[in-house]
Structures are given as C-alpha cells and as structure tokens.
Amino acid sequence: MIASNPQLNLTPIESKTGRLERYFKLIIGILLIWVFVFYFIPWVSTVSYMKPLIRFVQENDIDTSALYYTEIEEFAEADHMIRHILNYPVNKKAESVEAFNKQTNNVVDK
C-alpha cells in the first residue's frame, strides 16, 4: 500500500477519475496521430511546392521508406561526391564552375 507524503505532494494514483483522465489522454494522443497520418500528410502532398518533389521521387523510383538513403544509388553517388569534395577541397584559383569541374574530374580520374 502506498502512503501519501504531504511534503512531496504524492498521493496514490488509484482514483477512478485519475484513471479515466489517463485513458482520455491516451485516446486523444492516438486520435491526433491518426489525424496526422491520414489527413495532414495526404494534404501536404497536394501543396503546390511539394508536387515537383513528389514527382521526382516517383519518376526516379526512390524508396522513401529506406532507413538510410545510402542504400539508394542516387544518394550513394551524392554521398561519394560530397566526401570527395571534403577530402579534396577546391583550389582557391578555381573561380568558375568550369574550372571547378575540370579540377574535380582530374582528381577523380587519377
């Protein structure tokens, strides 16, 4: 049996109203998750600035449920390029995009 402690304001949690309140909060939480999954997320896909992103994902057959995007070829390629650029930074003399491309192609080919 749990005794109440007036110094800590601890009381037993065995009242029916406390239990009903916890169940009510649980039901509200589940309902909010349900609304988010079945109403909010589908609504986001109808927003105009999201449509090109969704189209790109569908056209390239990208698995959006992948836990790590390194399993997807396009992202693995991007990861490789980013790591390459971080390991071999661009020389300060490369002022244009063409010079940058020439420099990175030469480094990759070596």
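Residues numbered from 1 in each chain as written. Predicted model: local features only at pLDDT ≥ 70, side-chain atom pairs only at ≥ 80, totals over all residues. Heavy atoms only, no water.

**Quick look at the overall build of the chain**
- On a plain count of helices and strands, the chain comes out with 4 helices and 0 strands.
- Counting only residues that meet the buried cut, the chain has 6% of its 110 residues in that class.
- A separation threshold of at least 6 residues defines the contact pool for the chain, and within that pool the share at least 24 residues apart is 3%.
- Per element, the accessible surface of the chain, about 10,500 Å² overall, is 62% carbon and sulfur. (Helix = DSSP H or I, 4+ residues; strand = E, 2+ residues; numbered from the N terminus. Buried < 20%, exposed > 50% of the residue type's maximum accessible area, 1.4 Å probe, protein only. Contact = heavy atoms within 4.5 Å. Areas by Shrake-Rupley, 256 points an atom, 1.4 Å probe, with all protein chains shown as cover.)

**Considering the packing of aromatic side chains**
- Enumeration according to the criterion identifies 4 aromatic pairs in this entry.
- Judged by centre distance (5.5 Å) and plane angle (75°), the ring pair of W34 and Y39 falls under edge-to-face.
- On the basis of relative accessible area, W34 is assigned to the partly exposed category, the value being 41%.
- With a centroid separation of 5.3 Å and 25° between ring planes, the pair formed by F36 and F40 is classed as stacked. Here F36 pairs with F40, and both are found in helix 1 (residues 16-44), just 4 residues apart, close to one helical turn.
- F40 sits in the partly exposed class, given a relative accessible area of 40%.
- Taken together, the ring pairs in this structure connect W34, F38 and Y39 into an aromatic cluster. (Phe/Tyr/Trp six-rings, centres within 6.5 Å; stacked < 30°, edge-to-face > 60°.)

**Brief notes about the pattern of salt bridges**
- This structure, assessed with the given rule, holds 1 salt bridge.
- Its salt-bridge partner being K25, residue E21 comes within 3.4 Å of it at the nearest N-O pair. Taken together, the positions of E21 and K25, both in helix 1 and 4 residues apart, correspond to about one turn of that helix.
- With a relative accessible area of 54%, K25 lands in the exposed category. (Salt bridge = Lys/Arg side-chain N within 4 Å of Asp/Glu carboxyl O.)

**A word on a negative patch on the surface**
- Judged by side-chain charge, D61, D63, E73, E74 and E77 come together as a negatively charged surface patch.
- Looking at E73, the relative accessible area reads 62%, which means it is exposed. (Patch = residues over 30% accessible without salt bridge, like charges linked within 9 Å, V, L, I, M, F, W, Y side chains within 5 Å. Lys, Arg positive; Asp, Glu negative; His and termini not counted. Charge placed at Lys NZ, Arg CZ, Asp CG, Glu CD.)

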